[in-house]
Every structure is written in C-alpha cells, then in structure tokens.
Amino acid sequence: PGWTPAEWALRWIWDHPEVTVVLSGMSDEAQLEENLRIAGDAMPHAMTADDQAVFGQVRDLLLAKTRVPCTACGYCMPCPYGVDIPGCFSNLNDLELMGKGGNRHFKYAQSLGAFSQRPGFASRCTACGRCEPKCPQRIEIVKELRQVAREMEGPLFRMGVGTARFFLGIRSKTDDRKGRKEP
C-alpha cells in the first residue's frame, strides 16, 4: 500500500497484540512525525493476509541473501583490537545482497576507517573470542571475521590501502597485537 520500510516494520510490530511498547530510533523530526502517525494508526491484527504474505516474502528474500545474521546491536563491541565487528558483517552481507562487482573494496575500506589511524578491518581480529559470548545471535564471530578478511582484504586491497595511506600522509600506529605496522 505504498508504506515506507519503516512503516512496514512498525506496522508488523504493532500487529502483534502482545506488544505494548515500541522503542524506535529516530534521527530527525520527520521520522518522529512518521512514527507518531503510524503508532496512532496501527492496531493489533490490522495487517491483512496479503500484507502478511508480502512481509514474509521480503523477509525470506533478505534472509536468503544474509550471510551473517548480525543485527548490529553492538553487544560484541568494543573489540579490544579495534575490529568494527558489525561494520565488517554489514559489508559482507552487502556483498551477498549487491553482488561482487562495483566498488565493494572501496566501500569496505571507507566504511571501516581505512584513512584513520586504526581502521576496523576484520584482519585485526586476534581470535581472542571475547566478543562471542556477548552475541545474542550466537554468531561464530571469529570464524566469520576470517571470512570477511579473506573476501574483502586480498593482497591488492592491502597494497591499495597502504599506498593511499602513504600518499595521504596517514601514519600507521604500531599494531599492538603482532608488533607489525598496519596497512
């Protein structure tokens, strides 16, 4: 019926009679107004069978394209070695969803701080495992981070990031876990 993704999500939640409170993140007044409008209009069991079917189809499509079921809750953070765990998984999931072409390595580098003093790359993981017991999804974080590093941080990636950091004058901090310099 022309609902936004946020409206679909909120209407699905409000459709359940056992839900009495919804906490929704908002970053501007327009989102607040949209959420208030939806909350004022949505009722338990208000979604039609067709609405439920569409929601189920979209959910199934997204789940089929999700490699790591990370919700970015951040309970695994902070990583003592600087890995941006949810960011790494988001990039891997985007790779599955969007395909392997395009600028995936650039997006990965940019979103994980390649041009900062301590990028949050998956390769920074030391397999200490401190993150795994904190994960409500029970993700094998160490294993999945190894996969992210394999798929996103090949030799050309490391060389490209290292060259760019050199020409931009970004000094690397000594990597405290292995005594080597970061790319």
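All of these numbers come straight from a predicted model, not from anything done at the bench.

Rules of the game
Residues numbered from 1 in each chain as written. Predicted model: local features only at pLDDT ≥ 70, side-chain atom pairs only at ≥ 80, totals over all residues. Heavy atoms only, no water. Helix = DSSP H or I, 4+ residues; strand = E, 2+ residues; numbered from the N terminus. Rg over C-alpha atoms; globule rule 2.2 N^0.38 Å. Buried < 20%, exposed > 50% of the residue type's maximum accessible area, 1.4 Å probe, protein only. Contact = heavy atoms within 4.5 Å. Areas by Shrake-Rupley, 256 points an atom, 1.4 Å probe, with all protein chains shown as cover. Lys, Arg positive; Asp, Glu negative; His and termini not counted. Charge placed at Lys NZ, Arg CZ, Asp CG, Glu CD. Axes fitted to C-alpha atoms, helices over the stretch in contact; angles between N-to-C directions. Parallel < 35°, antiparallel > 145°, perpendicular 65-115°, else oblique. Left-handed = near helix turned anticlockwise from the far one by under 90°. Nonpolar A, V, L, I, M, F, W, Y, C, P; charged D, E, K, R; others polar. Salt bridge = Lys/Arg side-chain N within 4 Å of Asp/Glu carboxyl O. Disulfide = S-S within 2.5 Å.

Novice: Even after reading the chapter, I still don't get the overall build of the protein, so can you show me in this structure?
Specialist: A tally of helices and strands in the protein yields seven helices and two strands. For the protein, the succession of helices and strands along the chain, N to C, is α-α-α-α-α-α-α-β-β. Computed over the C-alpha atoms, the radius of gyration of the protein is 20 Å, more than 25% above the 16 Å expected from 2.2 N^0.38 for a compact globule of 183 residues. For the protein, the C-alpha atoms occupy an extent of roughly 60 × 35 × 30 Å along the three principal directions. A total of 183 residues make up the protein; the buried ones form 31% of that total. Taking the contacts inside the protein whose residues are at least 6 apart along the sequence as the reference set, 69% of them involve residues at least 24 apart. Accessible surface, the protein as shown: approximately 11400 Å² in total, 59% of it carbon and sulfur. The distance from the centre of the 24 positive side-chain charges to the centre of the 22 negative ones in the protein is 15 Å.

Novice: Would you explain unusual backbone geometry in this entry?
Specialist: Peptide bonds are mostly trans, and most non-glycine residues show a negative phi. For the bond running from Met77 to Pro78, omega is 0°, close enough to zero to count as cis. Looking at the secondary structure, you find Pro78 in the loop between helix H3 (49-64) and helix H4 (85-98). One non-glycine residue with positive phi stands out, namely Ala127, at about 65°. The residue Ala127 is located in the loop between helix H5 (104-111) and helix H6 (141-152) in this model.

Novice: Teacher, can you tell me more about the packing of H4 against H5 here?
Specialist: Packed helices, taken two at a time, are described by the angle their axes make and the gap between the axes. At a closest axis distance of 10 Å, the pairing of H4 and H5 adopts a crossing angle of 165°. It follows from the interaxial angle that H4 and H5 lie roughly antiparallel. The handedness of the crossing between H4 and H5 is right-handed. Contact residues: H4 offers Cys88, Asn91, Asp94 and Leu95, while H5 offers Arg104, Lys107, Tyr108 and Ser111. Residue composition of the contact of H4 with H5, grouped by class: three nonpolar, two polar and three charged.

Novice: Could you clarify how one ought to interpret the environment of Leu145 in this entry?
Specialist: Here Leu145 shows up in helix H6. Judged by its relative accessible area of 2%, Leu145 is buried.

Novice: Help me understand the side chain of Asp51, please; the structure alone is not making it clear to me.
Specialist: Topologically, Asp51 is positioned in helix H3. It is Arg11 that comes nearest to the buried, bridge-free Asp51 among opposite-charge side chains, at 7.6 Å. Residues contacting Asp51, with those up to four places away along its chain left out, are Pro1, Trp3 and Trp8.

Novice: Hey, could you run me through the state of the cysteines in this one?
Specialist: Disulfides are covalent bonds that link the sulfur atoms of two cysteine residues. Going through the model one piece at a time under the given rule, you end up with zero disulfides. There is no disulfide at Cys76, and the cysteine sulfur nearest it, in Cys70, is 6.1 Å away. Cys135 forms no disulfide, and the closest cysteine sulfur to it belongs to Cys73, at a distance of 6.2 Å. Residue class for Cys135 comes out buried when judged on its relative accessible area of 12%.

Novice: Help me out: how do you make sense of the packing of H5 against H6 in this one?
Specialist: At their nearest, the axes of H5 and H6 sit 10 Å apart, and the two run at 125° to each other. The angle between the axes of H5 and H6 places the two elements in the oblique class. Between H5 and H6, the contacting residues are Arg104, His105 and Tyr108 on the first element and Val148, Glu151 and Met152 on the second. In the contact of H5 with H6, the residues fall into three nonpolar, one polar and two charged.

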